[in-house]
Amino acid sequence: MKKIFQYQLYHLLLALVFIIAVAWVFTQDSDISLGRYYGVNSAIWFWIGIVIPIFHQLYVTITWRLELYKQSLTRLFGERRAFVLYAIGFAILFSSRFLVVIVLSLSNAHTLAIEPMFAYVMAGLITPFVVYLFYSVKKYFTIERAFGIDHFDKNYNVPYVKGGIFKYTDNAMYIVGLLILFIPGLVLLSKAALIVALFNYLYIWVHFYCTEEPDMKEIYGNTPKDINGI
């Protein structure tokens, strides 16, 4: 049980700090609440955009730790079915992060007081890196590995990935992956969407240091970082 909860107090404390920081920004800037989409105020879409990544990362943490140390899902459903069920939940939650940011960008559009062309250039610069990451994941890393198959399959032993974007950074999944969330806010000039994207980007590192890195040391020993990725 001690290993299941390893570093999770830090995870919860950091999540609380981030939520307090976001709440403070929310109260200080009325632009975040401007706009509606499908009759729902931007403030509601904003907080949905904050809650989903928290729920997603807790879902991954709880599932990974229970499976790594107790084989809880595997004993109930069998190894393959357990992973598929978990992966479906993962995919839904991960996709929801992006979809909510898009909706929030539409709801809160044109609240970012910067030159539009600058925002478009920033979005254009981010896009090739994101595309290259997803290409590299599909070709070299595999989706199953990104989802965390090694928490379920005790015989999983694939060499460390150094192909594609992973040639240039060990933590490509974290450094580049969630940059995709900034694109809708930049294109539609939404201040609220960019704040949610920044929250996602910073909070993912809490998952890395409090959950993934310790898990990888347990599974692989002292191997290079970013063997998985949320």
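For the structure itself, consult the block above.
Definitions and limits used
- Residues numbered from 1 in each chain as written.
- Predicted model: local features only at pLDDT ≥ 70, side-chain atom pairs only at ≥ 80, totals over all residues.
- Heavy atoms only, no water.
- Helix = DSSP H or I, 4+ residues; strand = E, 2+ residues; numbered from the N terminus.
- Expected span 1.5 Å × (residues − 1).
- Buried < 20%, exposed > 50% of the residue type's maximum accessible area, 1.4 Å probe, protein only.
- Arc of directions from axis to C-beta.
- Contact = heavy atoms within 4.5 Å.
- Polar contact = N/O pair within 3.5 Å; in protein donor to acceptor, adjacent residues only side chain to side chain.
- Core = buried A, V, L, I, M, F, W, Y, C linked by side-chain atoms within 4.5 Å.

Relative to the 30 Å expected for 21 residues at 1.5 Å per residue, helix H1 (residues 8–28) spans 30 Å between its end C-alpha atoms, a close match to the ideal helical length. Along H1, the residues that are buried comprise Gln 8, His 11, Ala 15, Val 22 and Phe 26. Seen along its axis, H1 keeps its buried residues to an arc of 45°; they face one direction. Seen from the buried face of H1, the exposed residues on the opposite side, beyond 90 degrees, are Leu 9, Tyr 10, Ile 20, Trp 24, Thr 27 and Gln 28. Looking at the buried positions of H1, the neighbouring elements they touch are helix H2 (42–70) and helix H9 (191–220).

To continue, consider H2. For H2, which comprises 29 residues, the first-to-last C-alpha distance of 41 Å matches the rise-based estimate of 42 Å (1.5 Å per residue) to within 8%. The backbone nitrogen of Ala 43 has a side-chain oxygen 2.7 Å away, supplied by the residue at the start of H2, namely Asn 41. Looking at the residues trailing H2, positive phi occurs at Gln 71, about 50°.

Okay, the side chain of Lys 191 next. On the secondary structure map, Lys 191 appears in helix H9. Polar contacts involving the side chain of Lys 191 include one to the side chain of Asp 29, which spans 3.0 Å.

Mapped onto the fold, Arg 75 is located in helix H3 (residues 72–77). What makes Arg 75 exposed here is its relative accessible area of 64%. Arg 75 sits 15 residues away from Val 60 along the chain, and the two C-alpha atoms are 18 Å apart.

Bringing the nonpolar core into the picture now. Core analysis: the largest hydrophobic core is formed by 49 residues, its most contacted members being Phe 46, Leu 133, Phe 166 and Met 173. Mapped by element, the contributors of at least two residues to this core are H1, H2, helix H4 (79–107), helix H5 (116–141), helix H7 (172–175), helix H8 (182–187) and H9. For this core, the element with the highest residue contribution is H9, accounting for 14 residues. Beyond its immediate sequence surroundings of up to four residues, Leu 133 is in contact with Ile 165, Phe 166, Ala 172, Met 173, Val 176 and Gly 177.

Shape descriptors only; they carry no functional weight alone.
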